[in-house]
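What the coordinates show
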Amino acid sequence: MSSKPMQEKQVPVILSRQIVAKSRLLRIEAIDLKFSNGELRQYERMQGSGRGAVLVVPLLDENTMLLVREYAAGLHNYQLGFPKGLIDPGETPEQAAQRELKEEIGYGAKHFTLMKSVSMAPAFFSANMTLFIGEGLFAEKLEGDEPEPLELVPWPIDAVDELLAQPDFTEARSVAALLLMQRWRSQQSK
């Protein structure tokens, strides 16, 4: 199977931009665009903080990964996923990953492996997240900003299919990180 190289496409010209809504976390911007074929359209997009975010798959040992169950306001339920959070001003993604682990699960990591940087809903949201594996965990707790203690859920690394079948493990970034971690592990064993 061969793949074609991506052809250079000219991005649409932004004719105007206007903030149509703003909150503590997001801005919604209407943008008037002119495409290369002359077509005019208005799109709306959400602008995040611009700092990005991180997600970590923490490996407690060679057989166990750690997840958290926390409240998800968008769905108004509790979701199972990996520790994650925004990158604070002045932090690198690795520093943010370390801080988030300590705040959310009470562990730091001696080593981080970068898996991939992913975009989240790029059709209308300008936000990126860096996905890591955290290894060599050590106990260290930092006070976080969660409104209630998060439930720490150890999970067997070899039980990926069972995790994917969980009704509360639906968050796409965690699913992507899980599958990337599984791929990374299979490459490590070669």
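Everything below is about the structure shown above.
Our subject in this report is the structure included herewith. (Residues numbered from 1 in each chain as written. Predicted model: local features only at pLDDT ≥ 70, side-chain atom pairs only at ≥ 80, totals over all residues. Heavy atoms only, no water.)

1. Considerations on the overall build of the protein chain
Let me state the cut-off plainly: Secondary structure elements are defined from DSSP: runs of H or I of at least 4 residues count as helices, runs of E of at least 2 residues count as strands, and each element is numbered from the N terminus. Should any heavy atoms of two residues lie within 4.5 Å, those residues are considered in contact. Note on areas: Shrake-Rupley, 1.4 Å probe, and residue coverage restricted to the protein chains presented here. Neither His nor the chain termini are counted; the positive set is Lys and Arg, and the negative set is Asp and Glu. Lys charges are placed at NZ, Arg charges at CZ, Asp charges at CG and Glu charges at CD.
Of regular secondary structure, the protein chain possesses three helices and 11 strands. Principal axes of the C-alpha set define a box for the protein chain whose edges measure 55 × 50 × 35 Å. Taking the intrachain contacts of the protein chain between residues at least 6 apart in sequence as the baseline, contacts between residues at least 24 apart amount to 56%. Split by element, the accessible area of the protein chain, about 12100 Å² in all, is 53% carbon and sulfur. In the protein chain, which carries 21 positive and 26 negative side-chain charges, the distance between the mean positions of the two groups comes to 9 Å.

2. Concerning the packing of aromatic side chains
Where we set the bar: Note on ring pairs: Phe, Tyr and Trp rings are taken, using the six-membered ring of Trp, and paired if centres are within 6.5 Å. Classes follow the plane angle, with under 30 degrees stacked, over 60 edge-to-face and the rest tilted. For the exposure calls, accessible area comes from a 1.4 Å probe over protein chains only, and a residue counts as buried if that area is under 20% of its type's maximum, exposed if over 50%, partly exposed in between.
For the structure on display, the rule yields four aromatic pairs. Seen from their ring centres, tyrosine 71 and tyrosine 78 are 5.8 Å apart, and the 65 degrees between their planes marks the pair as edge-to-face. Judged by its relative accessible area of 38%, tyrosine 71 falls in the partly exposed class.

3. So, helix α1 (residues 93–104)
How we decide: By definition here, a helix of n residues has an expected span of 1.5 Å times n minus one.
Its 12 residues give α1 an end-to-end C-alpha distance of 16 Å, which sits within 8% of 16 Å, the value for a rise of 1.5 Å per residue. Most of α1 sits inside the fold, with nine of its 12 residues counted as buried. Taken together, the buried positions of α1 are occupied by Ala96, Ala97, Gln98, Arg99, Glu100, Leu101, Lys102, Glu103 and Glu104. Here the buried face of α1 lies against β4 (53–61), β5 (64–72), β7 (84–86), β8 (107–119) and β10 (128–139).

4. A word on the sheet that holds strand β2 (residues 27–34)
Basically, it comes down to this: Should DSSP find at least two bridges between two strands, the strands are taken to pair.
Taken in spatial order, the four strands line up as β1-β2-β3-β9 in an open sheet, and their pairing is mixed. Looking at the sheet topology across the chains shown, the edges are occupied by β1 (13–22) and β9 (125–126). With eight bridges connecting them, β1 and β2 associate as antiparallel partners. Among the inter-strand pairings, alanine 21 is bridged to a residue of β2, identified as isoleucine 28.

5. Considerations on the pairing of β4
With seven of nine residues buried, β4 lies mostly within the body of the structure. The pairing of β4 with β7 spans three bridges and is antiparallel. Looking across to β7, one finds that leucine 55 is bridged to lysine 84. In this structure, β4 lies alongside β10, joined through six bridges in parallel fashion. In the sheet register, valine 57 faces β10, and the bridge partner there is isoleucine 133. Alignment of β4 against β5, held across two bridges, turns out to be antiparallel. Looking across to β5, one finds that aspartate 61 is bridged to threonine 64.

6. Observations concerning the environment of glycine 106
One can find glycine 106 in the loop between α1 and β8. For glycine 106, a relative accessible area of 14% puts it in the buried group. A sequence separation of 31 residues divides glycine 106 from leucine 137, and the C-alpha atoms of the two residues are 9.6 Å apart. Setting aside anything within four residues of it in sequence, one finds glycine 106 in contact with Leu101, Phe138, Ala139, Glu140 and Lys141.

7. A look at the nonpolar core
Heads up, the condition is: In plain words, nonpolar cores are sets of buried Ala, Val, Leu, Ile, Met, Phe, Trp, Tyr and Cys residues tied together by side-chain atoms within 4.5 Å.
Within the largest apolar cluster, 27 residues are counted, with the highest numbers of intra-cluster contacts made by Val57, Met65, Leu67, Phe82 and Met181. Of all the secondary structure elements, the ones that give two or more residues to this core are β4, β5, β8, β10, β11 (151–156), α2 (160–164) and α3 (172–188). Not counting residues within four places of it along the chain, the set of residues in contact with methionine 181 comprises Val57, Leu59, Met65, Met115, Ile133 and Ile157. Counting 14 residues, the second-largest nonpolar core is a separate cluster that includes Ala96, Leu101, Ala109 and Leu137.

8. Regarding α3
Worth spelling out the cut-off: Each C-beta atom gives one direction from the helix axis, and the arc is the one those directions make.
Taking 1.5 Å as the rise per residue, α3 with 17 residues should run 24 Å; its terminal C-alpha atoms sit 24 Å apart, in good agreement. Within the span of α3, buried status applies to Ser174, Ala177, Leu178, Met181 and Trp184. Taken down its axis, α3 places every buried residue within 125 degrees of arc, on the same side. Counted as exposed and oriented over 90 degrees from the buried face of α3: Ala172 and Arg183. For α3, the secondary structure elements touched by its buried residues are β4, β5, β6 (77–81), β8, β10 and α2.

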